[in-house]
Each structure stands twice: as C-alpha cells, then as structure tokens.
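One-letter residues, chain by chain:
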Amino acid sequence: MQAIGDWFQHLYETTGLNFSVFYDAYDWGRYFSGLKMTLLLSVTTILLSLVIGAIGALLQGSPSMLLRLPVNAFVVMFRNTPPLVQLFFFYFGLGTMLPAVEAAGMRVPLLSNVQWAIISLSLFAGAFNVEIFRSGIEAVPRTTLEAAEALGYTRLKAYIHIVLPLAIRVCLPALNNNLVNLLKTTTLAYAIAVPETLYAVKQIWSESQNVFEMMVVLLATYGILVGVLVWLMHRWERAMHIPGYAR
C-alpha cells in the first residue's frame, strides 16, 4: 500500500493529477467510510426490497380485496413519484412529526437520516419488486399450484416452497435490473446528508480542489460495485437454472 501511495504522490508532483485519496490517510479514511456506508445502504435496501416485493406479490394475488387494494395503492404511489421526492417526504415530512428522544443528554430525532434513507429506498425498490415478482408468479402454470394443493399444501406453503422459487427463476433478469438501479439510487441519500461515497468524495474535492480526479474515482467505484452485483446476480441465475424450465 505504501508503494501505491508513493506512486500517486509522485504522479501528483509530476503531472498535477491529484488522487489524494490514495496517498493521504485522512482523505482515504473519509472515502473508505463513505464506501462502507454505501455498502450498508445497498445491502440493507436490497434485502428489504426483496422481502417487500415477495410479501406484496403474495398479498396482491390474494382473493381478498381488502388485502389487494393497499398493495396496489402502495405500488402506484411509489412507482409514480420520484425517489428523491419520497426521500424528502420521509425525512423532512414524516421525520419532523415524530417525537425526539434523549441520547447522551441531547434531544435527537427518533430516526436518523441513514434510517430514513433505508426506509425510503427500500419502499421505492420494493414497489417495483412487487410487480416483478407478480409477473414471475403469473408465469408459473396454474396446474403447478393445483398439484401442490392436491398434495395438501396450504396456499401460503405452496407459495413459499413451490410458486415463489419457480417465479424467481422467471423474473431474475428483471430483478437484476431493478437491484442495479437501486444500488445507483443510493447516491440520493447525499441529499439528506447521509455520509455515503458521493458525500465523502464531495468533501474531499471541495478541500483538495481535485474535482476531476475524484469524479474518476467515484465513477470507477460505482462501476466496480455494479459489476460485482451483476456478477452475483448472474451466478444466482445459473445456480437456479432448471434444465427444461424457463430461466
């Protein structure tokens, strides 16, 4: 690591390209802290959005209108409004209505900006996942569900053990696209001062006056993160492939 830092410092001295994040320990610490926050936001929101999508798709296929209507309203609202507006609504709207709590002798909000970002982004992506899972469920032949019911499965158990695993195989390509978009959408958390990668990089270039260099680092960072997610999703697709059944 020292050799890498020395090389980038030499590059700055000879060419003026200031990649301070690679040779300055303070800038590296801020960048790495932002990267960890981005990973936390990405992993948490991806998992929560998958849970929301699976549960929402189950309720959307319910024979009860009292269960279907709230899910349909949720999908329409979160699909048809910008994610940044939703983030502001939760943080500046609902956040100001919640009571403050005592922490270390200070009054602090009940939910932090990080928690609001996780909630907002999970619901936004979850609304799309509901429709993605629904399309996969509808692609599963009705006779498969009837066979499960004939074997004594309840509707819930048939959904969990038979329908959902088959539906996931069908909807994985669309799910892949939505999760990639979710990872990129985590940059919106910058708007409510969540210290993720964009926020950290902005602080670095404001002080070091190296906007171009840090934008290169930022683009490369998200290119790598998205590449890793796409690779994992493709591995998941291959692992779940059934010969003779749609992917």
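Residue positions within a chain follow its written sequence, with the count starting from 1. Where local features are concerned, this predicted model is filtered to residues with pLDDT of at least 70; where side-chain atom pairs are given and counted, the filter is 80 or more; whole-chain, interface and lining totals use all residues. With hydrogens and water excluded, all non-hydrogen atoms of the structure serve as input to the side-chain values.

J.: Summarise the overall build of the protein; cite the residues concerned and give the values.
T.: The way it works is that DSSP assigns letters per residue, a run of H or I at least four long becomes a helix, a run of E at least two long becomes a strand, and they are numbered from the N terminus. When its secondary structure is counted, the protein shows 9 helices and 2 strands. Computed over C-alpha atoms, the radius of gyration of the protein comes to 22 Å, more than 25% over the 18 Å expected from 2.2 N^0.38 for 247 residues, which places it beyond the range of a compact globule. Projected onto the principal axes, the alpha-carbon positions of the protein cover approximately 75 × 50 × 30 Å. Out of the 247 residues belonging to the protein, those deemed buried represent 40%. In this description, contact between two residues means that some pair of their heavy atoms is separated by no more than 4.5 Å. Put simply, of all contacts in the protein between residues at least 6 apart along the chain, 74% involve residues at least 24 apart. His is not counted, nor are the chain ends; Lys and Arg add positive charge and Asp and Glu add negative charge. To locate a charge, take atom NZ for lysine, CZ for arginine, CG for aspartate or CD for glutamate. If the 15 positive side-chain charges of the protein are averaged to one point and the 13 negative ones to another, these points end up 14 Å apart. Radius of gyration: over C-alpha atoms. The globule rule applied is 2.2 Å multiplied by the number of residues raised to the 0.38 power. Burial classification: accessible surface area is computed with a 1.4 Å probe over protein chains only, and a residue below 20% of its type maximum counts as buried, one above 50% as exposed, and the rest as partly exposed.

J.: How would you sum up the packing of helix 6 (residues 142–150) against helix 7 (residues 155–185)? Please name residues and give values.
T.: Angles shown run from 0 to 180 degrees and are taken between the N-to-C directions of axes, each axis being a line fitted to C-alpha atoms and, for helices, limited to the stretch in contact. Orientation of helix 6 relative to helix 7, taken along the N-to-C sense of each, is 155°, at an axis distance of 10 Å. Between helix 6 and helix 7, the interaxial angle falls into the category roughly antiparallel. Crossing angle aside, the handedness with which helix 6 passes helix 7 is right-handed. Judged by residue contacts, T144, L145 and A148 of helix 6 engage A158, I162, V163 and L166 from helix 7. Taken together, the residues of the contact of helix 6 with helix 7 break down into 6 nonpolar, 1 polar and no charged. Note on terminology: angles under 35 degrees are roughly parallel, angles over 145 are roughly antiparallel, angles of 65 to 115 are roughly perpendicular, and the others are oblique. For any helix crossing, the convention is left-handed if the near helix is rotated counterclockwise from the far helix by under a right angle, and right-handed if that rotation is clockwise. The nonpolar class holds Ala, Val, Leu, Ile, Met, Phe, Trp, Tyr, Cys and Pro. Asp, Glu, Lys and Arg form the charged class, and all remaining residues, Gly among them, are polar.

J.: If you had to explain helix 5 (residues 113–139) to someone new, which residues and values would you point to?
T.: Taking 1.5 Å of rise per residue, the 27 residues of helix 5 would be expected to cover 39 Å, and the 39 Å separating its terminal C-alpha atoms lies within 8% of that figure. Within helix 5, 19 of the 27 residues are buried, leaving the element largely enclosed by the surrounding structure. Here the expected length of a helix is defined as 1.5 Å per residue gap, with one fewer gap than residues.

J.: How would you explain the pattern of salt bridges if you had to name every residue and give the values?
T.: Pairs may arise between side chains of opposite charge once their charged atoms sit close together. Criterion for a salt bridge: a side-chain nitrogen of Lys or Arg within 4 Å of a carboxyl oxygen of Asp or Glu. Following the criterion strictly, the structure yields 6 salt bridges and no others. In this structure, the salt-bridge partner of R142 is E146, at a minimum N-O distance of 3.8 Å. Residue R142 and its partner E146 are located together in helix 6, separated by 4 residues, close to a single helical turn. What makes E146 partly exposed here is its relative accessible area of 41%. Look at the salt bridges and you will find they share partners, linking R79, E131, R134 and E138 into a network.

J.: How would you summarise the nonpolar core if you had to cite specific residues and measurements?
T.: Here the nonpolar core consists of buried residues drawn from Ala, Val, Leu, Ile, Met, Phe, Trp, Tyr and Cys, with membership extended through side-chain atoms lying within 4.5 Å. Y31, F133, Y159, L175, L179, M214 and L229 are the most contacted members of the largest nonpolar core, which totals 46 residues. The greatest single-element share of this core, amounting to 15 residues, is contributed by helix 7. Residues contacting L179, with those up to four places away along its chain left out, are I46, S49, L50, N129, L229 and M233. One finds M37, I118, I192 and V194 within the second-largest nonpolar core, a separate group that totals 9 residues.

J.: Before we move on, could you go through the packing of aromatic side chains and cite the residues and values that matter?
T.: Pairing of aromatic side chains here covers Phe, Tyr and the six-membered ring of Trp, requires ring centres within 6.5 Å, and sorts the geometry by plane angle: under 30 degrees stacked, over 60 edge-to-face, intermediate tilted. Considering all chains together, one arrives at 15 aromatic pairs under this definition. On the basis of an interplanar angle of 65° and a centroid distance of 5.3 Å, the ring pair of F88 and F92 is categorised as edge-to-face. Of this pair, F88 and F92 both sit in helix 4 (residues 83–97), 4 residues apart, which is roughly one turn of the helix. Relative accessible area serves as the criterion here: at 47%, F92 is assigned to the partly exposed category. Among the aromatic residues, those joined into a ring-pair cluster are F74, F78, F89, F90 and W116.

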